[in-house]
Amino acid sequence: MELAEHEANLLRQASAAALRAYCPYSGFAVGAAAATELGVFVGANVENASFGLTLCAERVALANAITAGAIKISLLAVAGPPDQPTGLRSPCGACRQVMVELMTPDAVLIQDNNERLPVAGLLPGAFRRPAAAAVEGI
């Protein structure tokens, strides 16, 4: 499947972000790029000796977008460095949960093998805030 030029550009930005990953333990670099109404925000995985404290590239990119004030995150690209095989990087369950909550209902995930996946279908049974809490601003 051929991607639109803006999607291909988003993948290139994710791949470039992967070059800045801090992954001394796994050597598995991941980059992500989130397209929003304010522009593109990137992230890379940041490992920690206590693996549970590792930050995934997807969550770093989404957090960067949210802290900049973005509210409409419609596309998220995930990629490895340009010199590595494609199709090896898929968001973990934690990233999928965060994507479902922070991205628009019609958002799309683009993986570096050019696969496009609807975010809404990435995590069946995803946890969602109760409607009353959302209305009350909790």
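As shown above, the structure is provided for reference.
First things first, this report covers the structure right here in the doc.

Cut-offs used in this document
- Residues numbered from 1 in each chain as written.
- Predicted model: local features only at pLDDT ≥ 70, side-chain atom pairs only at ≥ 80, totals over all residues.
- Heavy atoms only, no water.
- Helix = DSSP H or I, 4+ residues; strand = E, 2+ residues; numbered from the N terminus.
- Buried < 20%, exposed > 50% of the residue type's maximum accessible area, 1.4 Å probe, protein only.
- Pairing = 2+ DSSP bridges.
- Axes fitted to C-alpha atoms, helices over the stretch in contact; angles between N-to-C directions.
- Contact = heavy atoms within 4.5 Å.
- Expected span 1.5 Å × (residues − 1).
- Polar contact = N/O pair within 3.5 Å; in protein donor to acceptor, adjacent residues only side chain to side chain.

### Brief notes about unusual backbone geometry
Then comes step 1: In the Ramachandran plot, Asn-114 falls in the positive-phi region, its phi being about 70° despite a non-glycine side chain.
Then comes step 2: The topology assignment puts Asn-114 in the loop between strand S4 (108–111) and strand S5 (116–118).
Then comes step 3: The partly exposed category is assigned to Asn-114, whose relative accessible area is 31%.

### Some details on the sheet that holds S5
Then comes step 1: An order of S2-S1-S3-S4-S5 is seen for the 5 strands of this open sheet, with the pairing classed as mixed. Of all strands in the sheet, those with a lone pairing partner are strand S2 (39–44) and S5, marking the two edges. Shown here is a sheet whose adjacent strand axes are inclined to one another by a mean of 20°, direction ignored.
Then comes step 2: Relative to S2, strand S1 (residues 31–36) runs antiparallel, the two sharing 6 bridges. Across the sheet, Gly-31 pairs through a bridge with Ala-44, a residue of S2.
Then comes step 3: Docked against the sheet, helix H1 (residues 5–18) engages S1, S2, strand S3 (73–79), S4 and S5, running at close to 50° with respect to S3.
Then comes step 4: Against the sheet, helix H2 (residues 57–67) engages S1, S2 and S3, with an angle of about 140° to S2.

### Regarding H1
Then comes step 1: Along its 14 residues, H1 runs 20 Å from first to last C-alpha, staying within 8% of the 20 Å computed at 1.5 Å per residue.
Then comes step 2: All of the buried residues in H1 are Glu-7, Ala-8, Leu-10, Leu-11, Ala-14, Ser-15, Ala-17 and Ala-18.
Then comes step 3: Residues of H1 that are buried make contact with S1, S2, S3, S4 and S5.

### Comments concerning the environment of Thr-36
Then comes step 1: Following the sequence through the fold, Thr-36 ends up in strand S1.
Then comes step 2: With 40 residues separating them along the chain, Thr-36 and Leu-76 place their C-alpha atoms 9.2 Å apart.
Then comes step 3: Beyond its immediate stretch of four places on either side in the chain, Thr-36 contacts Phe-41, Ala-65, Ala-70, Lys-72 and Ile-73.
Then comes step 4: There is a polar contact of 2.9 Å between the side chain of Thr-36 and the backbone nitrogen of Leu-38.
Then comes step 5: In this structure the side chain of Thr-36 is engaged in a polar contact, spanning 2.8 Å, whose partner is the backbone oxygen of Gly-39.

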